There are 2 protein chains.
Amino acid sequence: MKFKIEALDPQSKARAGEVTTDHGVIETPIFMPVGTMGTVKGVHQRELKEEINPDIILGNTYHLYLRPKTDVLEAAGGLHKFMNWDRPILTDSGGYQVYSLSGRRKIKEEGVKFKSHIDGSYHFFSPENVMEIQRKIGADIIMAFDECTPYPCDYNYAKRSMHMTHRWLNRCINHLEKVPYRYDYAQTFFPIVQGSTYTDLRKQSAEYIANAGAEGNAIGGLSVGEPAEEMYAMTDVVCSILPEDKPRYLMGVGTPINILENIALGVDMFDCVMPTRNARNGMLFTSEGHINIKNKKWENDFSPVDPAGITWVDTEYSKAYLRHLFVSNEFLGKQIATIHNLGFYLWLVREARKHIIAGDFREWKDKMVKQMDNRL
Amino acid sequence: MKFKIEALDPQSKARAGEVTTDHGVIETPIFMPVGTMGTVKGVHQRELKEEINPDIILGNTYHLYLRPKTDVLEAAGGLHKFMNWDRPILTDSGGYQVYSLSGRRKIKEEGVKFKSHIDGSYHFFSPENVMEIQRKIGADIIMAFDECTPYPCDYNYAKRSMHMTHRWLNRCINHLEKVPYRYDYAQTFFPIVQGSTYTDLRKQSAEYIANAGAEGNAIGGLSVGEPAEEMYAMTDVVCSILPEDKPRYLMGVGTPINILENIALGVDMFDCVMPTRNARNGMLFTSEGHINIKNKKWENDFSPVDPAGITWVDTEYSKAYLRHLFVSNEFLGKQIATIHNLGFYLWLVREARKHIIAGDFREWKDKMVKQMDNRL
């Protein structure tokens, strides 16, 4: 994997870059649509590629491990072939999902024992076997196995957990050093900074992660319920320590506003279920603000879903029609809203990139942040 | 509306024809995908048009009347504009849905009082107001308001019901004669033959309907649980009486085999929820037989969904991937299966048409009927 910085914004810490993988180039800043089970819910791969056009998508190790299971993915020749997606894929490590299983998992130094949410069967994730699972899934970018702490988190717990995440990082790296590439392309490894919302822990963790010398680095444990200001403060601290010549990935973030603010702090990569999950609930993001399409006010509004939208659904369907689909619980509504929202998120990061290159990102960002806060 | 017969099969009563409407030409025999609520579930209009490519689709008056409601459709300028579909639309009259509401409706000479399945509110359908609703929906083909009898049906009930359906037919015609076209295109009216599975009643009803002199005629009250042989016997009797120079529409039918057998008896138009509903349950129709994609046997089958399929989904996705989507309850699975099945149904009627024109329909039909009965 190679990373090249193309432009630095003079008024912020924003960067425009280019990550080169064996499955193609990722222009940064980038938003990665979440394809939990090897599918971005309700979107054909062809639509994803041709209409939404992200350079990279994300898969969830925990979910793919349970279904279709690692051996099926291996027999298929990896997730790319299984789902028919030829661009880069990043997989998370299952750390966040395991954290979400609160009450159904036990975290120990050795690893995490957990109960499947599907059938209650017991499973065990360790830094070593999670690296193996991700290798077999065939992700272009493999994430370290970490513990994602909740918010708020007791200082001592956050500190102990961070140190365990660091020890787990060493075990991940040791394991990956021993094994060759699983397929005929490179698989890159990103370690993850933890430390909850404590500045001293975040600094310590960022330094530890920076020293690992990986090809890219991630910031985890944010977007778990903390106020946006705390998130930005932590991102700022961590970005000032992580190497400048490596891409920075802020995991699980966020709203369109969160994304722009974090780009301004030096983040290059994002993922979040928000555009897809909110779409399925009838919430549309637009550059003018957000829309609850189920509202009665759209019942007789035959104007396009989004006259300024970038995907074909925005002008093919009307607000009244989309509202009807949601009110009638017709799945086509969720399909339309999903394509719209992902199209919007991708448009947003591409515009951000253009403005970074043009040198006027800060001004544009401040204007957009105000606009997007509206409820239409 | 114009109807032109292009070819008659020498070995059966099958016909290839062309129905011309103000929204375009319908090549017959045709299968009409069901778009109950102004959407073929899980399929974008663009996919429907470009990939599945039916000449006409069907909407359900009962459902559209309740949601989005007639006044919204009227404000939109009709269902075509509301859903963005510029080819012909046929609407049923609600007769079948009302029949399905057993226990929640009261049928009287004046009309049917029924309780909405959505909110329990009371509504009334009469021949006159159902014509008005369909006019406002803007269907190219409007269906008579009829009573669909159950199977089995007591002879006396079937006879009384048939006569009421005939009286209702007169009221439909009287109403339509008084009103101009609602939009800037012609709306054609089809009466419906009833008579349950009684040959004498079917004959009597077919004669009554033939005398109405409509531009097309329909056969209702079949595909409600009767054995296929009874269905074919009734279709045969009715088709021998209905005028040859008008299209014949067999409502709610059926399996691919049912469709071919009824084409051989002289039917031109079909609709059925089977390809779409079964798709959502993981059942795929193919020319070699049907597939339950949820079966374990497909878990590691990375071959295309249908190597001989006609839509892009057939070769874009593998059986193993499609099975994974169904097992994981991912909606993309239903989307893929729906496009596949509708693509197959449309292929089937188009092939039938080609073989009728080529003069070898009977032979091809007999071969297909055997093949399609397999379980793969």
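Residues numbered from 1 in each chain as written. Chains lettered and ligands numbered in written order. Predicted model: local features only at pLDDT ≥ 70, side-chain atom pairs only at ≥ 80, totals over all residues. Heavy atoms only, no water.

Some details on the overall build of chain A
Tallying secondary structure elements over chain A gives 14 helices and 17 strands in all. The C-alpha radius of gyration of chain A comes to 20 Å, within 12% of the 21 Å expected for a compact globule of 376 residues. Considering only C-alpha atoms, chain A reaches an extent of 60 × 50 × 40 Å along its principal axes. The 376 residues of chain A split such that 62% are buried. Sequence separation of 24 or more characterises 68% of the internal contacts of chain A that already satisfy a separation of 6 or more. If you sum the accessible surface of chain A, you get close to 13,800 Å²; carbon and sulfur atoms cover 48% of it. Here chain A contributes 45 positive and 48 negative side-chain charges, whose respective centroids are spaced 6 Å apart. (Helix = DSSP H or I, 4+ residues; strand = E, 2+ residues; numbered from the N terminus. Rg over C-alpha atoms; globule rule 2.2 N^0.38 Å. Buried < 20%, exposed > 50% of the residue type's maximum accessible area, 1.4 Å probe, protein only. Contact = heavy atoms within 4.5 Å. Areas by Shrake-Rupley, 256 points an atom, 1.4 Å probe, with all protein chains shown as cover. Lys, Arg positive; Asp, Glu negative; His and termini not counted. Charge placed at Lys NZ, Arg CZ, Asp CG, Glu CD.)

Let's talk about the layout of surface pockets
Approximately 820 Å³ is the volume found for the largest pocket. Lining the largest pocket are 40 residues, and of these Asn-60, Tyr-96, Gln-97, Val-273 and Arg-277 of chain A sit closest to its centre. Put simply, the parts of the chain that give the lining of the largest pocket at least two residues each are helix H2 (61–76), helix H4 (95–100) and helix H10 (274–280) of chain A. Top element by residues in the lining of the largest pocket is H10 of chain A. It accounts for 5 residues. When grouped by side-chain class, the residues that make up the lining of the largest pocket number 15 nonpolar, 17 polar and 8 charged. The two domains that each donate at least three residues to the lining of the largest pocket are domain 1 (31–271) and domain 2 (273–376) of chain A. The calculated volume of the second largest pocket comes to roughly 600 Å³. Asn-60, Tyr-96, Gln-97, Asp-271 and Val-273 of chain B are the residues nearest the centre of the second largest pocket, which is lined by 31 residues in total. When residues of the lining of the second largest pocket are traced back to their parent elements, those giving at least two are helix H4 (95–100) and helix H10 (274–280) of chain B. (1 Å grid on protein atoms, 1.4 Å probe; cavity = no way out; pocket = protein on both sides within 12 Å on 5 of 7 lines; lining within 4 Å. Points joined across faces, edges and corners; volume = space filled by probe spheres on them. Nonpolar A, V, L, I, M, F, W, Y, C, P; charged D, E, K, R; others polar. Domains from an automatic or database assignment.)

Let's talk about the interface of chain A and chain B
Taken together, the contacts link 39 residues of chain A with 39 residues of chain B. Roughly 3,400 Å² is buried in total at the junction of chain A and chain B, and carbon and sulfur atoms are behind 54% of that figure. Where chain A touches chain B, the interface holds 4 salt bridges. One salt bridge connects Glu-330 of chain A with Lys-41 of chain B, and the closest N-O pair in it is separated by 2.5 Å. Scanning the region where chain A abuts chain B turns up 19 residue pairs in polar contact (both at pLDDT 80 or more). Of all elements in the fold, only helix H1 (45–52), H2, helix H3 (79–83), helix H11 (313–316), helix H12 (319–327) and helix H13 (331–358) of chain A reach the threshold of two or more residues within the side of chain A that touches chain B. Tallied by class, the residues present in the side of chain A that touches chain B amount to 20 nonpolar, 11 polar and 8 charged. (Buried area = accessible area lost by both parts, 1.4 Å probe. Salt bridge = Lys/Arg side-chain N within 4 Å of Asp/Glu carboxyl O. Polar contact = N/O pair within 3.5 Å; in protein donor to acceptor, adjacent residues only side chain to side chain.)

Here we look at the pattern of salt bridges
Applying the stated rule across the entire model yields 38 salt bridges over all chains. For the salt bridge of Lys-354 of chain B with Glu-351 of chain B, the shortest nitrogen-to-oxygen distance reads 3.0 Å. Of this pair, Lys-354 of chain B and Glu-351 of chain B both sit in helix H13 (residues 331–358), 3 residues apart, which is roughly one turn of the helix. Members of the salt-bridge network, linked through shared partners, are Glu-261, Arg-362, Lys-365 and Asp-366 of chain A.

Remarks on helix H12 (residues 319–327) of chain B
Residue and element names in this part refer to chain B. Taken across its 9 residues, H12 has 8 buried, putting it largely inside the fold. Three or more residues of H12 are buried, namely Lys-319, Ala-320, Tyr-321, Leu-322, Arg-323, His-324, Leu-325 and Phe-326. Asn-329 sits one or two positions beyond H12 and adopts a positive phi of about 55°.

Section: the domain arrangement of chain A
Residues and elements named next belong to chain A. Annotation of chain A at the domain level lists domain 1 (31–271) and domain 2 (273–376). A separation of 27 Å is found between the C-alpha centroids of domain 1 and domain 2. Each partner contributes residues to the interface: domain 1 has 23 residues there, and domain 2 has 29 residues. Buried area between domain 1 and domain 2, summed over both chains or domains, comes out near 2,200 Å², and the portion from carbon and sulfur atoms is 77%. Together, Phe-31, Pro-256 and Leu-260 form the three largest contributors to the area buried by domain 1 at its contact with domain 2, with a combined 29%. Inspection of the region where domain 1 meets domain 2 yields 1 salt bridge. Where Glu-261 meets Lys-365, a salt bridge forms, and the shortest distance between an N and an O atom there is 2.8 Å. For the interface between domain 1 and domain 2, the tally reads 3 residue pairs in polar contact (both at pLDDT 80 or more). Every element with two or more residues in the side of domain 1 that touches domain 2 is listed here: H1 and helix H9 (256–264). Ranked by the residues each element gives to the side of domain 1 that touches domain 2, the list is headed by H9, at 7 residues. Broken down by class, the residue content of the side of domain 1 that touches domain 2 amounts to 14 nonpolar, 4 polar and 5 charged.

Comments concerning the side chain of Asp-92 of chain B
All names here are of chain B. Mapped onto the secondary structure, Asp-92 falls in the loop between strand E6 (89–91) and H4. Buried within the structure, Asp-92 lacks any salt-bridge partner; its nearest side chain of opposite charge belongs to Arg-277, at an N-O separation of 11 Å. Discounting residues that sit within four places of it in the chain, Asp-92 has contacts with Gly-59, Asn-60, Thr-61, Gln-97, Gln-134 and Met-143.

Description of the nonpolar core
Formed by 221 residues in total, the largest nonpolar core has its most connected members in Tyr-249 and Ile-263 of chain A together with Tyr-249 and Ile-263 of chain B. Setting aside residues no more than four positions away along its own chain, Ile-263 of chain A makes contact with Lys-13, Ala-14, Pro-29, Phe-270, Val-349, Ala-352, Ile-356 and Phe-361 of chain A. (Core = buried A, V, L, I, M, F, W, Y, C linked by side-chain atoms within 4.5 Å.)

Quick look at helix H7 (residues 199–211) of chain A
Residues and elements named next belong to chain A. Look at H7: 18 Å from first C-alpha to last across 13 residues, which is about the 18 Å you get at 1.5 Å a residue. Taken together, the buried positions of H7 are occupied by Leu-201, Arg-202, Ser-205, Ala-206 and Ile-209. Down the axis of H7, the smallest arc covering the buried residues is 130°, so these residues share one side. Just downstream of H7 lies Gly-213, where phi reads positive at about 65°. (Expected span 1.5 Å × (residues − 1). Arc of directions from axis to C-beta.)

Side note on the UniProt feature "active site" (unreviewed entry) in chain A
All names here are of chain A. The UniProt record marks Asp-92 and Asp-271 with the feature "active site" (unreviewed entry), using the residue numbering of this structure. A maximum C-alpha distance of 10.3 Å is found for the annotated residues, which run over 180 residues; spatially they form one tight group. Considered against the largest pocket, the annotated residues that line it turn out to be Asp-92 and Asp-271. Residue classification places Asp-271 among the buried positions, given a relative accessible area of 9%. Each residue touching Asp-271, except ones within four places of it in the same chain, is listed here: Phe-31, Met-32, Val-34, Leu-58, Tyr-249, Leu-250, Met-251, Gly-252, Val-253 and Gly-254. A polar contact is formed between the side chain of Asp-271 and the side chain of Tyr-249, at a distance of 2.7 Å. (UniProt positions renumbered as here; feature names shortened; annotations may be inferred.)

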